[in-house]
Amino acid sequence: MNRALFLILILLCLVSCQKNKRQSDLTYCKIESQIETYPDSSFFSDITCMVYDKGNVYVLDKKRGDIVALSDDLQRMEYVTHHGAAPYETTWPFTFNVQYDTVYVVDFGTKSMKKFYGGSFCGDFLLSNANENRFSLRDSLIYLSANTDSTSFLLIDTRHPDRQVPKGEVVQEKTAFKTVISNRKHILYAEGKGIFSVSDCYPYIDQYTFDGRYVRRFDISSIPVIKAAMEISEKQANREKSVYIYIRDAYLADGHLYLLCSSRTDQNEYKVNTILDLSVDEDMKLVSTYMLPHDIYSSFCVSDTYLFAAQEVDETTIEKFKLRDDAER
């Protein structure tokens, strides 16, 4: 009898420890600092892309049509690009990335990739295709999110920008149109690992070599927030001209892949304030979940110690949060 009671107590202890571990994996973020205005006191309006690089948080405001660089303490701001119709300005920028202090911008207004260094325009080239999702840079190569009914990104060598090679797997739908609108991917680069594409409406993460060869697929459908979103998406699966986007943004930093996900409360309130932290080295194992304090966020980026996110409930505000340290993750 005593042995049976001892085993029951051990079992209860193990269950309790596992429960506490699951709870500790969930972090409710607290704002450390924030910013909501430009130097001229005008407000941020529609932030669609954020990138962290060398102590700066780069921010694209699609409505304003320009990009600024914020110091990571959110105290200083410099313009990287200005909106305008001139060749050295951005007409309709949708997404961008940064490499070696050079900012690469997809400008839908001119159907081109524009480059800026030190705030000055330094060249461009025409694009055959592109969408507004994230793209990646590796030395002279650009992995540009650009979907068709059979491919999901373009491989572009900046030394020969006219050569834009279609690459990437897609999930085939019933029609070509549905396939195109369902297969927009965030294309992310991980040093030593290759290229990862993150679908915004499928629970799949695909891995490729640096030359664009398909390697494998990771299925993240078992993660609760993804599983719940899939159930909502399934109800809309027969709609030919629409898709349910439940991964709003994705970011890769220091061996971690972060996903900004939508969700529904028990009262059916729509929210975009959950960020999943997946380990690239552990086959996309869920490491942490961050709950942001407001209901709707449009984009984010990550440094080695902080998470920066743009919320858009009342007035668009960029907020700064502390990441869990490596020991906690």
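Quantities reported herein were computed from a predicted structural model and do not represent experimental measurements. Every chain's residues receive numbers from 1 upward, in the order its sequence appears when written. Per-residue local features are limited, in this predicted model, to residues with pLDDT of at least 70; the limit for side-chain atom pairs, both in listing and counting, is 80 or more; totals at the level of whole chains, interfaces and linings are taken over all residues. Remark: hydrogens and water are excluded; side-chain values derive from all non-hydrogen atoms of the structure.

Student: Could you clarify how one ought to interpret the overall build of the protein chain in this entry?
Tutor: Of the regular secondary structure elements, the protein chain holds three helices and 25 strands. We take the radius of gyration over the C-alpha atoms and set the globule estimate at 2.2 Å times the residue count to the 0.38 power. The C-alpha atoms of the protein chain give 21 Å as radius of gyration, which agrees with the globular expectation for 329 residues (20 Å, within 12%). Expressed as lengths along the three principal axes of its C-alpha atoms, the size of the protein chain is roughly 85 × 50 × 40 Å. Any residue under 20% of the maximum accessible area for its type is buried, any over 50% is exposed, and the rest in between are partly exposed; the area is computed with a 1.4 Å probe on protein chains only. Each of the 329 residues in the protein chain was classed as buried or not, and the buried ones make up 50%. Secondary structure elements are taken from DSSP: a helix is a run of H or I of four residues or more, a strand is a run of E of two residues or more, and numbering for both begins at the N terminus.

Student: Mind showing me how you'd approach the environment of Lys114 here?
Tutor: Mapped onto the elements, Lys114 comes out in strand E9 (residues 112–117). Separated by 11 residues in sequence, Lys114 and Val103 place their C-alpha atoms 8.1 Å apart. Think of a polar contact as two N or O atoms within 3.5 Å of one another; within protein, one of them needs to be a possible hydrogen donor and the other a possible acceptor, and neighboring residues in sequence only count if both atoms come from side chains. Only 3.4 Å separates the side chain of Lys114 from the backbone oxygen of Pro87, close enough to count as a polar contact.

Student: Which parts of the structure should I look at to understand the sheet that holds strand E16 (residues 194–199)?
Tutor: Sheet strands pair via backbone hydrogen bonds, and the direction of the pair is either parallel or antiparallel. Pairs of strands are assigned from DSSP output, requiring at least two bridges between the strands. Taken in spatial order, the four strands of this open sheet run E15-E16-E17-E18, and their pairing is antiparallel. Across the chains shown, the open sheet's two edge strands, defined by having one partner strand only, are strand E15 (185–190) and strand E18 (214–219). The mean angle between the axes of side-by-side strands here comes to 25°, regardless of whether they run parallel or antiparallel. Pairing of E16 with strand E17 (residues 204–208) involves four bridges; the strand directions are antiparallel. Residue Ile195 lies in a different strand from E17, and its bridge partner there is Tyr208. Each axis is a line fitted through C-alpha atoms, taken for helices only over the stretch in contact, and angles between the N-to-C directions span 0 to 180 degrees.

Student: Can you help me understand the pairing of strand E13 (residues 153–157) in this one?
Tutor: Every other side chain in a regular strand lies on the same face of the sheet, so the side chains alternate between the two faces. Counting buried residues in E13 gives five out of five residues, a clear majority hidden from the surface. Across the two faces of E13 the burial is the same, with Phe153, Leu155 and Asp157 and Leu154 and Ile156 all buried. Summarising the sheet, strand E12 (residues 141–145) and E13 pair through five bridges and their orientation is antiparallel. Bridged to Leu144 within E13 is Leu154. Of the strand pairs in this sheet, E13 and strand E14 (residues 164–167) are connected by four bridges, and their pairing is antiparallel.

Student: Honestly, the sheet that holds E12 in this entry has me stumped. Any pointers?
Tutor: Taken in spatial order, the four strands line up as E11-E12-E13-E14 in an open sheet, and their pairing is antiparallel. Taken across any chain shown, the strands that pair with only one partner, and hence form the sheet edges, are strand E11 (136–138) and E14. With direction set aside, neighbouring strand axes in the sheet form an average angle of 20°.

Student: Sorry, what's going on with the pattern of salt bridges here?
Tutor: Pairing between side chains of opposite charge can happen when their charged atoms approach one another. Basic side-chain nitrogens of Lys or Arg form a salt bridge, by our definition, when they fall within 4 Å of a carboxyl oxygen of Asp or Glu. Within the structure shown, the criterion is met by 15 salt bridges. Across the salt bridge formed by Asp200 and Arg184, the nearest N and O atoms sit 3.7 Å from each other. Taken together, the residues Asp200 in the loop between E16 and E17 and Arg184 in the loop between helix H2 (176–182) and E15 connect sequence positions 16 residues apart. Like Arg184, Asp200 is buried. A salt bridge links Asp295 to Lys271; its shortest N-O distance comes to 3.4 Å. With Asp295 in the loop between strand E22 (285–291) and strand E23 (297–302) and Lys271 in strand E21 (residues 270–279), the pair connects residues that are 24 residues apart, well separated along the chain. Overall, the relative accessible area of 21% leaves Lys271 in the partly exposed class.

Student: Hey, could you run me through unusual backbone geometry in this one?
Tutor: In terms of backbone geometry, most residues other than glycine have negative phi values and most peptide bonds are trans. Here Asn268, not a glycine, exhibits a phi torsion of approximately 65°, which is positive. Counting through the fold element by element, Asn268 comes out in the loop between strand E20 (256–264) and E21. Asn268 gets classed as exposed once you look at its relative accessible area, which sits at 53%. Backbone geometry at Met284 places phi at a positive 65°, although glycine is not the residue there. Residue placement: Met284 occurs in the loop between E21 and E22. What makes Met284 buried here is its relative accessible area of 5%.

Student: What should I look at first to understand the packing of aromatic side chains in this one?
Tutor: Any pair of aromatic rings gets described here by the distance separating the centres and the angle formed by the planes. Here is the rule: rings of Phe, Tyr and Trp (six-membered ring for Trp) pair when centre to centre is within 6.5 Å. Planes less than 30 degrees apart are stacked, more than 60 are edge-to-face, and the remainder are tilted. Within the structure shown, the criterion is met by 16 aromatic pairs. Connected via pairs of aromatic rings, a cluster forms that spans Tyr143, Phe153, Tyr208 and Tyr214. In this structure, Arg217 packs its charged tip against the face of Tyr204, placed 4.7 Å from the ring centre. Here Lys320 stacks its cationic end above the ring of Tyr306, 4.2 Å away from the centre of that ring. Remark: a charge is flagged as sitting over a ring if the NZ atom of Lys or the CZ atom of Arg is within 6 Å of the ring centre and within 35 degrees of the ring normal.

Student: Please explain the side chain of Ser197 as it appears in this structure.
Tutor: Within the secondary structure layout, Ser197 lies in strand E16. Residue Ser197 is classed as buried on the basis of its relative accessible area of 1%.

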